[in-house]
Amino acid sequence: MVDRAGFDSHAWETTPLGHSSGWSRQLHFMCDFLMCSKQPMFLLWGQERSFIYNSAYQDIWGIASQDALGRPMEEVAGANWSVLEPQVEHVFAGKSFIQTDFPIAVSGQPPRYFDFSYTPVYDYETGKREVLGALCISTDVTARHMAVEELSESREALALTVDNVAEGVALVDSSLALLVWNEPFRRHFGYSRAQITTGMNAMDLMVETARRGDLGEGDPQAIVEALVHSIRSTPHQTLEIQRKNGRVLNLFRQSLSGGRFLLVSQDITDERTAARLKDELVSTVSHELRTPLTAIAGALGIVGAGAAGELSEKADRLIKIAQRNSERLILLVNDLLDVDKLQSGRIEFRLEEADLAELVQASIEHNLPYAQRGGLTLRAEVPQAPVPVCVDRHRMLQVLTNLISNAVKFSPEETEVLVRLEVEGRRARISVIDRGLGIPPEFRDRLFQRFSQHDSTRNRVQQGTGLGLAICKSIVEHHHGAIWLDTKTTQGTTIHVDLPLKPEVGGASGDGT
Amino acid sequence: MSLRVLYVDDEEDLREVAQMSLELDPEIEVRACASGAAAIEEIDAWHPDLILMDVMMPDMDGPETLRRMRARGVAVPIVFVTARAAHTDVQQLTALGADGVVAKPFNPLQLATQVRRYLDSG
C-alpha cells in the first residue's frame, strides 16, 4: 500500500522524478495532499508524466503494489496509453474536464463506476503559467450509475409494455399534459402521427375527437368541457364511443394520484358485430324452427284428436310418437332460447305470490303419465299448510318439472321418485329423491353446466338437451335460491332446491311441517 | 251466430293448419290471406270479426299491416301469432295497437278458445 512510510521509502531515484530531496516544494505539497486524502486520486508530473497515486486510488483497481509509483504513465498504461494520452495532453494544455461513468471491473467483481475529474496543476513557484502536472480526482458513482440504468431499464420496459398491448393506453397529468400514449390509442381514435405528441395538451385531442362527431352531436367545446368536468369529479368512468367511421370503442378512465388519469381504449366493433349476429341467429332459429314446428304440431294435434277422421289403432300409435317427438323438438328450441336469454340476462321474471306445495303437486301431476309409462311411483311429501313463496310460477314449474323428469328418466322400473317439501326457518327446501344409479363422482362438478349430460340415460325416447339443469340453476339463482346435489346420498340421486319464503308471513305456514 | 276470423300468414302450411284448427269450432268461419296487402283487401270485402296475423312476413310485416288497418278505421280485434312471445315482445305489439298475442307453436285444439277470448271481451 502507498502509505506515508511506503511513499517515503520508495526508490524515487530509479524514476524520472529523481530522489525526493531534489523535488520542488510544489511537488512535495501535491504528494502530501495525495497521501492525506481519502479520495482516490493520482497525479501525472513533469515531461515524463510520472505517475503518483494514493492508496484510495489503488483500492479502486484492487492492486496493492507500489511498483508503478513515479514511473512514466506511458510505461504503466501500456496498450491503454493511446487512449489515455490525448486526455492527459489535454490537461497539460490547461484544460480541465470530467470523464463520467467510467467502468472498472476488478477480478470477478461486478463493475463499479467512477467519475474522473482532471485538473491542470500550474507552476506557482515561478509564477509562470506553465502546467507542471495533471491531477485526477475520482469519485465512486456506482450508486448513481445503477439508479440511472434502472430508471432507463424501467422506462424501456414501460415503453415496451405500452407499445405491445392490444389496448390503447394514454396517461395524462393534472394539467392535462399527455405523458404516455401508445400506437393502438392513436389508431383507435384515428389521430394522425402529427396530431398526437407526448407532452401535448390532451384537451386538444379531445376537441379533435369531438369535432369529428365521435363524442356525439353538439358543440365540441361544450362536449369536452363536460368530459373534463366528469374526469375531475369521478374516480373512474367507462364510455362507449360510437365513432363516425362505424368503429365502436370502449374507453375506460381511472383517476390516479396527483390528479393524473389513465385511459385504456379497446376496439369492440368485432364483439358488437358478433353479438348482433348471434342475436339475429337466435331470432332466426326461434322463428324458422318454430314456424314449421307449429305446422307439424298443429297438423298432428288435429289428426291425433280424431278431428280429421277416425284413426286405426296403429295410425293412432304412430301419430302419438310423432306428437311426442314434435313436443320434444319444441322443448329443445325453447331450452336453447332460454339458455340464450338467461346468459344474456334478457329473461323476464314475473314474480308473484305462489304456494310452493301447489307448484310441487302440479309438476308431479304433469310428470305422472311419463312416470307411469316407466312403471314408476311418483310421490309427494308436502306440508298441510301452504308454503308461500314469491316466484315466477311458470319458471318455477319449469324447474320442478325438469328435476322430476330427470329423476324419472334415471330411475329403474318399479322404483319410487319422492318429492319432499319442507320449511326450515325462513327457507323452503324441495328435495327430489330417486333410487337410480346415482351420479358418478367424476360427473358431479359438471352437473349444472350447459350441455352436460351423462350417457347413462335409459335409452327411451326421452333424451334431453343437456341444458335442463343449467337452466334450473339460473332460474333458482334468480330467485335468490340455491340448487345442489346431495353428495352424502349413497343410493340414487337427491337434488335439493332452497328458496326464500315470502317475507312477512305468519308463523302458521312455517309450523305446518 | 257465426264468427268471421281472418288469418294472415305467408306460410301456406300454417294457414291451412290454423284454418282447420279454428274450424274445429263450428261457429267460426275462417278465411286466410298470404300477405298484409291481401288481408286489407279481404277486410273491405268480407268484414271479419277478428284478425289473427303473423308478425314476420315479407313485404309488409305484421306491425305495419296493423298500422295500416287501424289507419283505415279497422276497429275489430287484431291478434298476433308469434314465435317471439316474451313479455317485452307482447308489450311492444300491444303498444302498437294489437289486442293480444298467441304464442307459436299453438295448441290446435285450443286455438279457437284462445281467439274467442278476444272476441268476447271486444
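As shown above, the structure is provided for reference.
Residues numbered from 1 in each chain as written. Chains lettered and ligands numbered in written order. Predicted model: local features only at pLDDT ≥ 70, side-chain atom pairs only at ≥ 80, totals over all residues. Heavy atoms only, no water.

## Focus on the packing of aromatic side chains
Residue and element names in this part refer to chain A. All chains considered together, the criterion is met by 14 aromatic pairs over all chains. Pairing Phe114 with Phe116 gives two aromatic rings, centres 6.4 Å apart and planes at 40 degrees, and the pair type is tilted. Residue Phe116 is classed as buried on the basis of its relative accessible area, which comes to 4%. Through a chain of ring-to-ring contacts, three or more aromatic side chains come together here, namely Phe42, Phe51, Tyr53, Tyr57, Phe97 and Tyr118. One Lys or Arg, Arg49, reaches over the ring of Phe92 and ends 3.5 Å from the middle of that ring. (Phe/Tyr/Trp six-rings, centres within 6.5 Å; stacked < 30°, edge-to-face > 60°. Buried < 20%, exposed > 50% of the residue type's maximum accessible area, 1.4 Å probe, protein only. Lys NZ or Arg CZ within 6 Å of the ring centre and 35° of its normal.)

## A short note on the environment of A:Asn402
All names here are of chain A. Locating Asn402 in the fold gives a position in helix H13 (residues 393-409). Looking at Asn402, the relative accessible area reads 17%, which means it is buried. Measuring from C-alpha to C-alpha, the distance between Asn402 and Asn367 comes to 9.3 Å, with 35 residues separating the pair along the chain. Look past the residues within four positions of Asn402 in its chain and what remains in contact with it is Gly468, Leu469 and Cys472. (Helix = DSSP H or I, 4+ residues; strand = E, 2+ residues; numbered from the N terminus. Contact = heavy atoms within 4.5 Å.)

## Some thoughts on the packing of helix H10 (residues 269-304) of chain A against helix H11 (residues 313-343) of chain A
Residue and element names in this part refer to chain A. It is at 10 Å that the axes of H10 and H11 come closest, and there the two elements cross at 160 degrees. Between H10 and H11, the interaxial angle falls into the category roughly antiparallel. Where H10 crosses over H11, the two elements pack in a sense that is left-handed. On the side of H10, the interface is formed by Lys278, Val282, Ser286, Leu289, Arg290, Leu293, Ile296, Ala297, Leu300, Gly301, Val303 and Gly304, while H11 contributes Asp316, Ile319, Lys320, Ala322, Gln323, Ser326, Leu329, Ile330, Val333, Asn334, Leu337 and Asp340. (Axes fitted to C-alpha atoms, helices over the stretch in contact; angles between N-to-C directions. Parallel < 35°, antiparallel > 145°, perpendicular 65-115°, else oblique. Left-handed = near helix turned anticlockwise from the far one by under 90°.)

## Some thoughts on the side chain of A:Arg49
All names here are of chain A. Residue placement: Arg49 occurs in the loop between strand E1 (41-45) and strand E2 (50-53). On the basis of relative accessible area, Arg49 is assigned to the buried category, the value being 12%. A polar contact of 2.7 Å, which involves the side chain of Arg49, links it to the side chain of Glu89. If we ignore the near neighbours within four places in the chain, the residues touching Arg49 are Leu44, Arg71, Pro72, Met73, Trp81, Val88, Glu89 and Phe92. (Polar contact = N/O pair within 3.5 Å; in protein donor to acceptor, adjacent residues only side chain to side chain.)

## Some words on the sheet that holds strand E5 (residues 100-103) of chain B
All names here are of chain B. Taken together, five strands build an open sheet; the order of strands is E2-E1-E3-E4-E5 and the sheet is parallel. Strands with a single pairing partner mark the edges of an open sheet, and in this sheet they are strand E2 (28-33) and E5. Across the sheet, the axes of successive neighbouring strands diverge by a mean angle of 25 degrees, strand direction being ignored. Pairing between strand E4 (residues 78-82) and E5: four bridges, direction parallel. Paired with Val81 across the bridge in E5 is Val102. Lying over the sheet, helix H2 (residues 36-46) contacts strand E1 (3-8), E2 and strand E3 (50-54), oriented at roughly 165 degrees with respect to E1. (Pairing = 2+ DSSP bridges.)

## Considering the sheet that holds strand E10 (residues 261-267) of chain A
Residue and element names in this part refer to chain A. The strand order across the open sheet formed by five strands is E7-E6-E10-E9-E8, and the pairing between neighbours is antiparallel. One side of each edge strand has no neighbouring strand; the edge strands of this open sheet are strand E7 (178-181) and strand E8 (236-242). Within this sheet the neighbouring strands show an average axis-to-axis angle of 20 degrees, counted without direction. With five bridges joining them, strand E6 (residues 168-172) and E10 adopt antiparallel strand pairing. Bridging from a neighbouring strand, Val172 pairs with Phe261 of E10.

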